[in-house]
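Each chain is listed here by its residues.
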Amino acid sequence: MSSVPHATSLRRAPVQRRSAERLTRILDACADLLDEVGYDGLSTRAVAERAGVPIGSVYRFFGNKRQMADALAQRNLERYAERVTERLKGARRGDWRAAMDAVLDEYLAMKKTAPGFSLVDFGNQIPVGARHAEPNHRVADRLTDLLSGYLVREPDEDLRRTFLIAVETADTLVQLAFRVDPEGDPKVIDETRQLLRAYLARALD
């Protein structure tokens, strides 16, 4: 996918295609290195070397590795939204259960397969971004905007609060599932799914 982070996470937004491609290579290298050396071992110089770009190209977009991790988290969220949208193309409009399954299943799939995701995801594992834009609020707002039309619901404060509670709950329980089993304990994940269905049924039925 060619999605790039929102411009607010960058020192300078890419304008030309070549610049956007270079930013993609930088973030791809950042994700790979996070899996290999962790956040503490990550450096802008190592990212530049892995991406095959001058160190100045990294600093053109990011002032430090924290900003780079935040940009990766934002790119993860955009890719996640794309996956959920694609998953729901064939679903019946208004079916919140199908939407919930897509939201949970695509998150689990990215957690298992997307480079760097287990350390950064949307910013939950490494605190990144501004304090007023906590990762789970970021995710809940994105899901509200993404799913309100599909669910035939107004994206009002009630729906945002419902999604925020669901996201906070799922985040805590999925973390537990992956602490119990590196592949995600299936029993904990099943309990998470049942809990979310029971809660959302009260709000969305």
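Residues numbered from 1 in each chain as written. Predicted model: local features only at pLDDT ≥ 70, side-chain atom pairs only at ≥ 80, totals over all residues. Heavy atoms only, no water.

## Some points on the environment of aspartate 158
Looking at the secondary structure, you find aspartate 158 in helix H8 (residues 157-180). Residues aspartate 158 and alanine 203 lie 45 residues apart in sequence; the distance between their C-alpha atoms is 9.0 Å. In terms of polar contacts, aspartate 158 uses its side chain to reach the side chain of arginine 161, at 2.6 Å. (Helix = DSSP H or I, 4+ residues; strand = E, 2+ residues; numbered from the N terminus. Polar contact = N/O pair within 3.5 Å; in protein donor to acceptor, adjacent residues only side chain to side chain.)

## Considerations on the pattern of salt bridges
Going through the model one piece at a time under the given rule, you end up with 17 salt bridges. A salt bridge links aspartate 141 to arginine 160, with the shortest nitrogen-to-oxygen separation between them at 3.4 Å. Taken together, the residues aspartate 141 in helix H7 (residues 135-151) and arginine 160 in helix H8 connect sequence positions 19 residues apart. Residue arginine 160 pairs with aspartate 145 through a salt bridge whose shortest N-O separation is 3.0 Å. One end of the pair, arginine 160, is in helix H8; the other, aspartate 145, is in helix H7, and 15 residues separate them in sequence. Looking at aspartate 145, the relative accessible area reads 47%, which means it is partly exposed. What emerges from the salt-bridge pattern is a single network uniting Arg83, Arg87, Asp101, Asp105, Glu106, Arg193 and Arg197. (Salt bridge = Lys/Arg side-chain N within 4 Å of Asp/Glu carboxyl O. Buried < 20%, exposed > 50% of the residue type's maximum accessible area, 1.4 Å probe, protein only.)

## Let's talk about the packing of aromatic side chains
All told, the structure shown has six aromatic pairs when counted by the stated rule. On the numbers, 6.4 Å between centres and 85 degrees between planes, the contact of tyrosine 80 with tyrosine 107 is edge-to-face. You can see tyrosine 80 sitting in helix H4 (residues 65-87) and its partner tyrosine 107 sitting in helix H5 (residues 96-113), a full 27 residues away along the chain. As far as the burial class goes, tyrosine 80 and tyrosine 107 line up, both buried. For the ring pair tyrosine 80 and phenylalanine 122, a centre distance of 5.1 Å and an interplane angle of 45 degrees mean the geometry is tilted. With tyrosine 80 in helix H4 and phenylalanine 122 in the loop between helix H6 (117-120) and H7, this pair connects stretches of sequence that are 42 residues apart. Take tyrosine 80 and phenylalanine 122: they sit in the same class, and that class is buried. (Phe/Tyr/Trp six-rings, centres within 6.5 Å; stacked < 30°, edge-to-face > 60°.)

## Considering the packing of H8 against helix H9 (residues 186-204)
Where H8 contacts H9, the two axes come as close as 9 Å, and the packing angle between them is 170 degrees. Comparing their axes, H9 and H8 come out roughly antiparallel. The segment H8 lies against H9, with Leu159, Arg161, Thr162, Ile165, Ala166, Thr169, Ala170, Leu173, Leu176 and Ala177 engaging Val188, Ile189, Thr192, Leu195, Leu196, Tyr199, Leu200, Ala203 and Leu204. In terms of residue class, the contact of H8 with H9 is built from 15 nonpolar, three polar and one charged. (Axes fitted to C-alpha atoms, helices over the stretch in contact; angles between N-to-C directions. Parallel < 35°, antiparallel > 145°, perpendicular 65-115°, else oblique. Contact = heavy atoms within 4.5 Å. Nonpolar A, V, L, I, M, F, W, Y, C, P; charged D, E, K, R; others polar.)

## Considering unusual backbone geometry
Even without being glycine, aspartate 121 reaches a positive phi, approximately 35 degrees. The topology assignment puts aspartate 121 in the loop between H6 and H7. For aspartate 121, a relative accessible area of 0% puts it in the buried group. Phi at valine 152 is positive, roughly 55 degrees, even though this residue is not glycine. Within the secondary structure, valine 152 sits in the loop between H7 and H8. Exposure remark for valine 152: the relative accessible area of 55% places this residue in the exposed category.

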